[in-house]
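Below are the chains, spelled out letter by letter.
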Amino acid sequence: MMSDDASFKPHNSAAPGVFNWEMVRKALRAAEEGVYCWDMETGKIFYTEQCLRMMGLPFREIAPNIFTESERTIHPEDLQFFRSSVQRYIDMPMVAASPMRVEVRLLNLRSRGWRWIRVNGLLERGRDLKPVRLVGVWVDITRRKMSDMRALEDQNFFRTLINYLPDNIYFKNRESRFVLANEATARKMHVRTPADLIGCRDTNFFTESMAEVARAEELNVMNTGVPITNRIHRETWKNGKQRNSWSRVSKFPWYGHDGNIKGIVGISSDVTELIEAQRRYQRIAEQLDQRNRALEKEISLAREVQRALQPLRLPDRVWTNPNDGSRRRATFHHVYMPSTGVAGDCFEVFPVGDSGVGMLICDVMGHGVSAALIAAMLRGLMEQVANLADTPGLLLSSLNRQLYRIFSQANITMFSSACYVYLDLDRQRLTLSGAGHPAPIVMTADGKAVLPAIPRSPALGLIESALFRESEIPLEPGMKLMLYTDGLTEAHNGKGDELGAVRVMNYLQERQPVNITEMINIALACMHNFTGDADQEDDICMLGVEFLSE
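The structure presented is a predicted model; accordingly, all values stated were derived computationally and were not measured.

Enquirer: Looking at this structure, how should I read the overall build of the protein chain?
Expert: Within the protein chain, the regular secondary structure consists of 12 helices and 21 strands. Relative to the 2.2 N^0.38 estimate, which gives 24 Å for 550 residues, the radius of gyration of the protein chain is 52 Å and therefore markedly larger than a compact globule would have. A burial count over the protein chain gives 44% of its 550 residues as buried. Counting contacts in the protein chain only where the partners sit at least 6 residues apart, residues at least 24 apart contribute 59% of the total. Accessible surface, the protein chain as shown: approximately 29800 Å² in total, 52% of it carbon and sulfur. Placing the 66 positive and 68 negative side-chain charges of the protein chain at their respective mean positions leaves the two points 12 Å apart.

What follows is the structure, encoded as structure tokens:
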């Protein structure tokens, strides 16, 4: 229906300049409110200009009746609600009558957009008490409604977020009472829903001593604004309802819109399994530490035994020629440097017959206790093959077969390199045989460093039927021979370069050692100069002999 401002003029106007209809129109326009009057007997409705503007219609244009033609202007989702709300208000007993207030979405007939309005109304009745007129206002609440919807959306997002987080999240007021909590917190406290926590305090769930500690730290957060982050604490539950647990807790000040602290925000996570695992690991670590100390004592004892088996000094071997009374002498020197407590390197020097000397050096695969055990085993096996001491090839073959059988029975894969030298002072000959071991360095009487040719053969313990061949070198007075394990020549410097036998030989030739002791010391100096501060990675064993004729 058309707007009819005349129908809204008050019958008893106030004095001019104090209160008049034009002032009412201006006030309504300023308030963005429109006035309507629905004559229920005639079905006509009257709107002020503000109502028509909300519907997107020009002034005095015929507009649909929002009550009888609501489907033309009310959002479909609000239509049933609007109609039922209006009808319920009309049917309300007069004694219970109060102003009608209904919030709906109104269609702008020009832009086809929607705005939120609140339809307020007051019912007038005739003498027969039947409804005759509904008078009221429309209030544009779009901004407020959109703000409320955004706030509701943010709230729903926040609730969804905290409910899906596995951590316990909760808000407490200044009395340390729960005002909000997520699902995880409800499950932890063994209540049905988060709403069941509202108003509760820690004393409802935990022991008094624990609740007092929590209350004190929450008061401190609220009074100082300083948060507590990632504190690990033990939870003791009231009446033993649950087993004691451990949590990682953070608490932050909760600020209100006025900037004042209104409580705390708490975030906690259950770390019981982690703490219990750490305790188990700590117990295991303590047990391992005890066992390691016991093992270190045993290794220390084994080291002392191993060192005791190595002679401090090797006596000279002297042979006197029965024909002319001349004497030939073999002088020895050795160095033994394990990289760990015990080593897999070993050597043996023993007399053979009236004029011979046997010299064996071995390097067992790996380091430590296992290698040391194999090295000790080799010492024992040497006694069983002593009858072959003057034939190096046969001696190594016998050692190889026995080691192979031991390793096979033990179902282990091990091996040992070896070099055996038989020195015969009567015949003035050196006989050598090797088993995958570096060739010794020989310094001739005229001061040259050379590597004797030794037939290549596999290491001991790998192939049962392996053959070990021999080579011979004539002995000359002043000749020196140095046996060594690969811990010497394979030593690395800081760049990862390997020392090698050639560098040692060149170093020896430059310095011309006068005896076997000096030869070994010079070789060691060469290694230390090359490696610098680099750690010793392998065992080192060096055994030398010098041949003299008197």
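Enquirer: How should the pairing of strand 5 (residues 131-140) be read in this particular structure?
Expert: Looking along a regular strand, one sees the side chains alternate between the two faces of the sheet. Bridge analysis of strand 1 (residues 33-39) against strand 5 gives seven bridges, and the strand direction is antiparallel. Within strand 5, the position partnered with V35 by the bridge is V137. By the bridge criterion, nine bridges tie strand 4 (residues 114-125) to strand 5 in an arrangement that is antiparallel. The partner of L123 across the bridge, within strand 5, is L134.

Enquirer: Mind showing me how you'd approach the packing of helix 8 (residues 368-384) against helix 9 (residues 392-410) here?
Expert: Describing two packed helices takes the angle between their axes plus the distance from one axis to the other. Put simply, helix 8 and helix 9 touch, their axes get as near as 10 Å, and they point 130° apart. Regarding the angle of helix 8 to helix 9, the classification is oblique. Of the two possible hands of crossing, helix 8 and helix 9 adopt the one that is right-handed. Contact residues: I374, M377, L378, L381, M382 and Q384 in helix 8; L395, L399, Q402, L403, I406 and F407 in helix 9. Among the residues making up the contact of helix 8 with helix 9, the classes are represented as 10 nonpolar, two polar and no charged.

Criteria and thresholds
- Residues numbered from 1 in each chain as written.
- Predicted model: local features only at pLDDT ≥ 70, side-chain atom pairs only at ≥ 80, totals over all residues.
- Heavy atoms only, no water.
- Helix = DSSP H or I, 4+ residues; strand = E, 2+ residues; numbered from the N terminus.
- Rg over C-alpha atoms; globule rule 2.2 N^0.38 Å.
- Buried < 20%, exposed > 50% of the residue type's maximum accessible area, 1.4 Å probe, protein only.
- Contact = heavy atoms within 4.5 Å.
- Areas by Shrake-Rupley, 256 points an atom, 1.4 Å probe, with all protein chains shown as cover.
- Lys, Arg positive; Asp, Glu negative; His and termini not counted.
- Charge placed at Lys NZ, Arg CZ, Asp CG, Glu CD.
- Pairing = 2+ DSSP bridges.
- Axes fitted to C-alpha atoms, helices over the stretch in contact; angles between N-to-C directions.
- Parallel < 35°, antiparallel > 145°, perpendicular 65-115°, else oblique.
- Left-handed = near helix turned anticlockwise from the far one by under 90°.
- Nonpolar A, V, L, I, M, F, W, Y, C, P; charged D, E, K, R; others polar.

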